[in-house]
Amino acid sequence: MVHMDDAAKCGYKNVMIRTVNSAVVVLAVVTFTLLRDSLKSLWVAFGTGNQFRYIPAHAISRSLGPRKCQGLPFFHAFAGCDNVSFLKVRERKVHGTHG
């Protein structure tokens, strides 16, 4: 988001971010709300392979409005899918007498 802010300050009007992390998409939508006077469009190239998409973060941000965009990080953190889905712990059993 720092680079996006810097690009806006340098006069760029159209910005694209490449990511595979859904949290970055959420933050892009929120950040565009803050930079909408400087930027015309913000695209997020998201995903890989068959799941690759270009997401118009600017359109989502404008559609939701600033107030709803402010709540997006909370809802993503609360209901987002960025978690560890499997964790396996291996313990070594020690045989013998305890003393």
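See the structure shown above.
Per chain, residue numbering runs from 1 following the sequence as it is written. Given that this is a predicted model, residues contribute local features only at a pLDDT of at least 70 and side-chain atom pairs are listed and counted only at 80 or more, while totals for whole chains, interfaces and linings are drawn from all residues. Side-chain numbers come from the whole structure's heavy atoms, not from hydrogens or water.

*Asks:* Would you mind going over the packing of aromatic side chains in detail, with residue names and values included?
*Replies:* In this scheme Phe, Tyr and Trp rings, the latter by its six-membered ring, pair at centre separations within 6.5 Å, and the angle between planes marks the pair as stacked below 30 degrees, edge-to-face above 60, and tilted otherwise. Inspection of the entire model under this criterion finds 1 aromatic pair. Their ring planes at 85° and their centres at 5.0 Å tell us that phenylalanine 52 and tyrosine 54 sit as a pair that is edge-to-face. Take tyrosine 54: its relative accessible area is 51%, and that puts it in the exposed class. Think of it in three bands: with a 1.4 Å probe and only protein chains considered, a residue is buried below 20% of the maximum accessible area for its type, exposed above 50%, and partly exposed in between.

*Asks:* Give me the packing of helix H2 (residues 22-35) against helix H3 (residues 57-79): which residues, what numbers.
*Replies:* To define axes, lines are fitted to C-alpha atoms, for helices over the stretch in contact only, and angles between the resulting N-to-C directions are given on a 0 to 180 degree scale. In DSSP terms, a helix is any run of H or I states spanning at least four residues, a strand is any run of E spanning at least two, and both are numbered starting from the N terminus. In the contact formed by H2 and H3, the axes pass within 7 Å of each other and the chain directions differ by 120°. The crossing of H2 and H3 is left-handed. Residue-level inspection shows Ser22, Ala23, Val26, Ala28, Val29, Val30, Phe32 and Thr33 of H2 in contact with H3, the latter providing Ala57, His58, Ile60, Ser61, Arg62, Pro66, Cys69, Leu72, Pro73 and His76. Residue polarity is assigned by list, with Asp, Glu, Lys and Arg as charged and Ala, Val, Leu, Ile, Met, Phe, Trp, Tyr, Cys and Pro as nonpolar; anything else, Gly included, falls into the polar class. Residue composition of the contact of H2 with H3, by class: 12 nonpolar, 5 polar and 1 charged. We call a crossing left-handed when the near helix sits turned anticlockwise from the far one by less than a right angle, and right-handed when that turn is clockwise. Whether two residues are in contact is decided by their heavy atoms, any of which lying within 4.5 Å being enough.

*Asks:* So, the sheet that holds strand E2 (residues 41-46): which residues are in play, and what are the values?
*Replies:* With mixed pairing, 3 strands are arranged side by side in an open sheet as E1-E2-E3. Every other strand in the sheet has two partners, leaving strand E1 (14-19) and strand E3 (53-56) as the edge strands with one partner each. Across the sheet, the mean angle from the axis of one strand to that of its neighbour is 25°, orientation sign disregarded. Only strands joined by at least two bridges in the DSSP assignment are considered to pair. Across 4 bridges, E2 lies against E3 in antiparallel orientation. Residue pairing for E3: alanine 45 is matched across the bridge by tyrosine 54. Across the sheet, H2 touches E1, E2 and E3, and the angle it forms with E2 is around 180°. Here H3 sits on the sheet in contact with E2 and E3, set at roughly 35° to E3.

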